[in-house]
Amino acid sequence: MEYVNLGKSGLKVSRLCLGMMTYGSSKWREWVLDEEQALPFVKRALDTGINFFDTADIYSLGASEEVLGNALKAFGVKHESVVIATKVFQAMSNEVNDRGLSRKHIMDSIDKSLRRLKMDYVDLYQIHRWDYATPIEETMEALNDVVKSGKARYIGASSMFAWQFAKAQYTAALHGWTRFVSMQNHYNLVYREEEREMIPLCIDQGVGIIPWSPMARGFFAGNRSRQGGGETVRAKTDPFADRLYFREEDFTIAERVWEVAKTYNVSGSQIALAWVLHKPCITAPIIGASKLEHLDQSIAALEIELTSEEIKRLEELYQPHPVLEHS
């Protein structure tokens, strides 16, 4: 396993990050694996050298954080051996202040996340989205205080417009507060809108990029239909994905991916992940897996060396998409 710095920070992370949204409670989503089923995935990731794990308080309403904390404890993993990332923003209950990026919610949420993770601190505390109802000064000062209190080592952001991210970074710099070291954005072969502004901004500012959905939620596995949905439990119960993909040109690109995959005798998902990994700006794609063989395939994708001609063939059919999931 290769390890790289997260942005300009000194933090070393594995080239793949295991996303924990798939693990938690099946009561939250049908496709989520409960703790007993989830443990082998964390173990396999650790055994292969993955040291980077990403979760969020909203995943299974906290159960995902609990599973990760329990797994690391069960396997006797020392915190200094891993990099743990979680997020704050989404509504955790019907309480009016149990959501967003107010100082109150951030301070409450970091303590709750730490209790669920059974940790004294997290390595990377991320804002899950932009909060239009809270001044960015309030959010950045609260995050700075979380870091200064020792409850988080670094902070990161996720899916927002480039101007918002720039404003947040400027606000932090203006006041001498902690700045974001990472951006967790939506990026894959059928959604490349981040190439216009966010990715160039991150490159310029030395911010690490850890994209979510690098394999487009199983889209390149061939289990999604043009009408939406698909064969697997995840595909049948994932309306979120139906909003993101399923344009005709998306399937045209997927067919090109499958053509390239045949020449390597690998899956389409592996080629899609290999393409993301070939981008010099990408630090660590966040991968998900509900079957151990899928996790193994993602790890094997690290060894795929796409040619410049193959990359050109994979990219040339892309058509602009509406910008989604920034609010």
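Caption draft 1: Structural context of the overall build of the protein chain. Helix and strand content of the protein chain: 12 helices and 12 strands. Considered along the principal axes of its C-alpha atoms, the protein chain spans approximately 50 × 40 × 40 Å. Counting every position in the protein chain, which comprises 327 residues, the buried fraction comes to 57%. Put simply, of all contacts in the protein chain between residues at least 6 apart along the chain, 77% involve residues at least 24 apart. When the accessible surface of the protein chain is summed, it comes to about 13,900 Å², and 49% of that surface belongs to carbon and sulfur atoms. Side-chain charges in the protein chain split into 38 positive and 44 negative, and the spacing between the mean points of these groups amounts to 2 Å.

Caption draft 2: Here's a closer look at the packing of helix H4 (residues 136–148) against helix H5 (residues 162–175). Orientation of H4 relative to H5, taken along the N-to-C sense of each, is 60°, at an axis distance of 10 Å. Between H4 and H5 lies a crossing whose hand is right-handed. Together, Ile-136, Glu-137 and Met-140 of H4 and Lys-167, Ala-168, Thr-171, Ala-172 and His-175 of H5 make up the contact between the two elements. Per-class residue counts for the contact of H4 with H5 are 4 nonpolar, 2 polar and 2 charged.

Caption draft 3: Examining unusual backbone geometry more closely. Even without a glycine there, the phi angle at Ala-216 is positive, about 55°. Mapped onto the secondary structure, Ala-216 falls in the loop between strand E11 (208–209) and helix H7 (233–236). Taking the relative accessible area as the measure of exposure, Ala-216 reaches 1% and is therefore buried. The phi angle at Arg-217 is positive, at roughly 55°, despite the residue not being glycine. When you line up the elements, Arg-217 lands in the loop between E11 and H7.

Caption draft 4: Structural detail: the pairing of strand E10 (residues 180–184). Burial within E10 is extensive, with 5 of its 5 residues counted as buried. The pairing of strand E9 (residues 152–158) with E10 spans 4 bridges and is parallel. Residue Ala-157 lies in a different strand from E10, and its bridge partner there is Met-183. Of the crossover connections in this fold, the one passing from E9 over H5 to the parallel E10 is right-handed. Strand direction decides the pairing type here: E10 and E11, joined by 2 bridges, are parallel. Bridge pairing in E11 places Ser-182 opposite Gly-208. As for the winding sense of the linkage, the β-α-β connection from E10 through helix H6 (residues 198–205) to E11 is right-handed.

Caption draft 5: Structural view of the packing of helix H9 (residues 248–264) against helix H10 (residues 268–277). Running from N to C, H9 and H10 point in directions that differ by 100°, and their axes come no closer than 8 Å. Between H9 and H10, the angle falls in the class roughly perpendicular. Counted together, Val-257, Trp-258, Val-260, Ala-261 and Tyr-264 of H9 and Gly-268, Ile-271 and Ala-272 of H10 form the full contact between these two elements.

Caption draft 6: Here's a closer look at a nonpolar patch on the surface. On the surface, a nonpolar cluster with roughly 430 Å² of combined accessible area is contributed by Tyr-132, Phe-161, Trp-163 and Val-323. Of note, Tyr-132 is situated in the loop between strand E8 (122–127) and H4.

Caption draft 7: Summary view of the nonpolar core. Ranked by size, the top nonpolar core spans 87 residues in total, and within it Phe-53 and Phe-165 carry the most contacts. The contact partners of Phe-53, leaving out residues within four places of it in the chain, are Cys-17, Leu-18, Met-20, Val-42, Ala-45, Leu-46, Leu-68, Val-82, Val-83, Ile-84 and Ala-85. Grouped together as the second largest cluster of nonpolar side chains are 13 residues, Val-4, Leu-11, Cys-17 and Ile-210 included.

Caption draft 8: Focus on the side chain of Ser-64. Structurally, the position occupied by Ser-64 is in helix H2 (residues 63–74). There is a polar contact of 2.9 Å between the side chain of Ser-64 and the backbone oxygen of Met-20. In contact with Ser-64, not counting residues within four places along its chain, are Met-20, Met-21, Tyr-23, Gly-24, Thr-55 and Tyr-59.

Caption draft 9: Region of interest: the packing of aromatic side chains. The tally for this structure, following the rule as stated, stands at 8 aromatic pairs. When the ring of Phe-165 is compared with that of Phe-180, the centres are 5.8 Å apart and the planes differ by 25°; the resulting orientation is stacked. With Phe-165 in helix H5 and Phe-180 in strand E10, the pair connects residues that are 15 residues apart, well separated along the chain. Taken as a pair, Phe-165 and Phe-180 share a single burial class, namely buried. Look at Tyr-187 and Trp-275: their rings are 5.4 Å apart centre to centre, the planes differ by 40°, and that puts the pair in the tilted class. Here Tyr-187 is found in the loop between E10 and H6, whereas its partner Trp-275 is found in helix H10, with 88 residues between them in sequence.

The rules we used
Residues numbered from 1 in each chain as written. Predicted model: local features only at pLDDT ≥ 70, side-chain atom pairs only at ≥ 80, totals over all residues. Heavy atoms only, no water. Helix = DSSP H or I, 4+ residues; strand = E, 2+ residues; numbered from the N terminus. Buried < 20%, exposed > 50% of the residue type's maximum accessible area, 1.4 Å probe, protein only. Contact = heavy atoms within 4.5 Å. Areas by Shrake-Rupley, 256 points an atom, 1.4 Å probe, with all protein chains shown as cover. Lys, Arg positive; Asp, Glu negative; His and termini not counted. Charge placed at Lys NZ, Arg CZ, Asp CG, Glu CD. Axes fitted to C-alpha atoms, helices over the stretch in contact; angles between N-to-C directions. Left-handed = near helix turned anticlockwise from the far one by under 90°. Nonpolar A, V, L, I, M, F, W, Y, C, P; charged D, E, K, R; others polar. Pairing = 2+ DSSP bridges. Right-handed = clockwise from strand over helix to strand, strands pointing away. Parallel < 35°, antiparallel > 145°, perpendicular 65-115°, else oblique. Patch = residues over 30% accessible without salt bridge, like charges linked within 9 Å, V, L, I, M, F, W, Y side chains within 5 Å. Salt bridge = Lys/Arg side-chain N within 4 Å of Asp/Glu carboxyl O. Core = buried A, V, L, I, M, F, W, Y, C linked by side-chain atoms within 4.5 Å. Polar contact = N/O pair within 3.5 Å; in protein donor to acceptor, adjacent residues only side chain to side chain. Phe/Tyr/Trp six-rings, centres within 6.5 Å; stacked < 30°, edge-to-face > 60°.

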